Amino acid sequence: MKTFYVNARYLIVPVMTIATILGLFIGNYFAWLGVILFGLNTIVDTLTKNIHLRADFDDNGNSYGIKRLQYAVMYLMLPAFIFLQVILAWRLYQYTSVTSFETLSFLGLSYQSGITGFNLIGSVLSAGLWAGLGIIYGHELSHNRKEGFLVSRLIMALSGASHFTYAHVYNHHLDLGHEDDPATAPRGRNVYSHAWLSHVGQSQYSYDLERDKLKKQKKSFFSLSNKWILGYLYSLPSILLFVWAGGVLGVLSLTVIWAISNFLLEALNFMGHYGLIREKGKPVEHRHSWDNDNLFTSWFFIEIGRQGDHHVRGETYFWELDDVDAPNYGIGYFSLFVLTLFPPVFRRFTQKLLDDWDENKATVAEKEIANQFKNLSIS
Amino acid sequence: MFSLFKKKSSSYSATLMPSGKEIRVKRGENLLTAALSAGVKWPYKCRVGSCGTCKCKILDGKISPEIDFGYVLNFDELNDGYALACQTALKTDIKVMVNLKK
């Protein structure tokens, strides 16, 4: 029973992604289901903010997580996210070809053929939000061997962000908390500028990484061994699909989807390390990441919120990550995400937490760097 | 071809040089994790294959790199058989040179 509970609790995103796909397929107002689910999740996350759980192990210290099952689910999310884009492309095609409205049936499921502009907007927003949430699998698999790493790249490519996989492992995990890491947000930065700076910075890092690697291997930059170029080529099928389905409107829709999904990705990076400081070259420790580990966030985001443990034991499976007394926002990702959208509110919320970090967790050298921010009136 | 049907060992041994200490590395486990579990003070930092701190030289035996070492190790190191312990699974028993004093 415990094994079932531990493994089933991580299926919220797969189930809701399928529901979003079905919503797009059924059409009419169901096209907005993905947006509604996102809103409901924010409410549930806020309501469960005070429930914090530890990782579950049996008496012998073995985890209840079933590796094969969790990996099968993560791998199956790739076709699910591809299907999400295909269904949206089909709706775009219906809209641009002015398909007449009628109720049809497919395998016993009634759906509305044809779509209004209003419901098409709902479809695009739903697809963008859930493609963005799919990034949690791209992240988890980026820490895995060959085939998992490739699936991670392909999932990220659906959002035009395949560069993330390399930048995350080789840059973020090595340099977090320092200005060399574009994914770490320094104090005073807001999520909007961070989204752009982090995205471009990580792509630049991935570009430099490939350039240097290929130089070492005496290969041309313009080759299929170049993972930076290859990553963007992986995104080509999505572009072609949306151009075919909707022409200019298709390009616009894909742009919105990528903007939303990349914003969610960078918001996660933003929340994960905002304002925390590490001296260059010093070991990454638990205090260099923010934990978000209330019940709903932990289950929904497959423990990605246990950043403190993840960054010290990067090879650890998500279901084994635990509370390590890292700095903790005390609220979940959905609730915190809403706060980040209002930078003055977010800064006010984090001020006390950062003061506490400076006082009780920072080393002398880290405190000095924090003081430099304070001297510039950045908090 | 018949090696396809050969039953894979559930663990392999890694002999750490120059001390000669032997550790067992289970299937699905990497060399660094096995060494740390055995109480070896193997130097490490990131554990995801990005810093190069756990670098070692494979003297004998076959390994399976879990990521491309080419981003961290240089051309000469790759040719000389260097590997990142945190991203190294074993395919046979191995002998490995590691500087534990780093």
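Described in the following lines is the structure provided in the data block. Since the structure is predicted, the reported quantities are computational estimates derived from the model, not experimental observations.

Conventions we followed
Residues numbered from 1 in each chain as written. Chains lettered and ligands numbered in written order. Predicted model: local features only at pLDDT ≥ 70, side-chain atom pairs only at ≥ 80, totals over all residues. Heavy atoms only, no water. Contact = heavy atoms within 4.5 Å. Buried area = accessible area lost by both parts, 1.4 Å probe. Salt bridge = Lys/Arg side-chain N within 4 Å of Asp/Glu carboxyl O. Polar contact = N/O pair within 3.5 Å; in protein donor to acceptor, adjacent residues only side chain to side chain. Helix = DSSP H or I, 4+ residues; strand = E, 2+ residues; numbered from the N terminus. Expected span 1.5 Å × (residues − 1). Bend = angle between axes of the 7 residues up to and from the residue. Buried < 20%, exposed > 50% of the residue type's maximum accessible area, 1.4 Å probe, protein only.

On the side of chain B, 22 residues touch chain A, which itself brings 19 residues to the contact. Between chain A and chain B lies a buried interface of about 1800 Å² when both sides are counted; carbon and sulfur atoms form 52% of it. The largest contributions to the chain A side of the interface with chain B come from Arg145(A), Tyr170(A) and Lys216(A), which together make up 33% of the buried area. Linking chain A with chain B are one salt bridge. Here Arg47(B) makes a salt bridge to Glu315(A), at a shortest N to O gap of 2.6 Å. Between chain A and chain B we count seven residue pairs in polar contact (both at pLDDT 80 or more) in total. Sorting the residues of the side of chain A that touches chain B by element identifies helix 8 (163-175) and helix 9 (191-216) of chain A as the ones contributing at least two each. The dominant element in the side of chain A that touches chain B, judged by the number of residues it contributes, is helix 8 of chain A, at five residues.

What follows deals with helix 8 of chain A. Residue and element names in this part refer to chain A. Between its terminal C-alpha atoms helix 8 stretches 17 Å, which fits the 18 Å expected from 13 residues at 1.5 Å a residue. For helix 8, the principal kink sits at valine 169 and spans about 35 degrees. Of all the 13 residues making up helix 8, 12 are buried; the element is thus mostly covered by neighbouring parts of the structure. Check the buried side of helix 8 and you find it contacts helix 6 (135-142), helix 7 (146-157), helix 9, helix 10 (227-234), helix 11 (236-273) and helix 13 (307-312).

Keep in mind that these numbers describe shape and distance, not what the molecule does.
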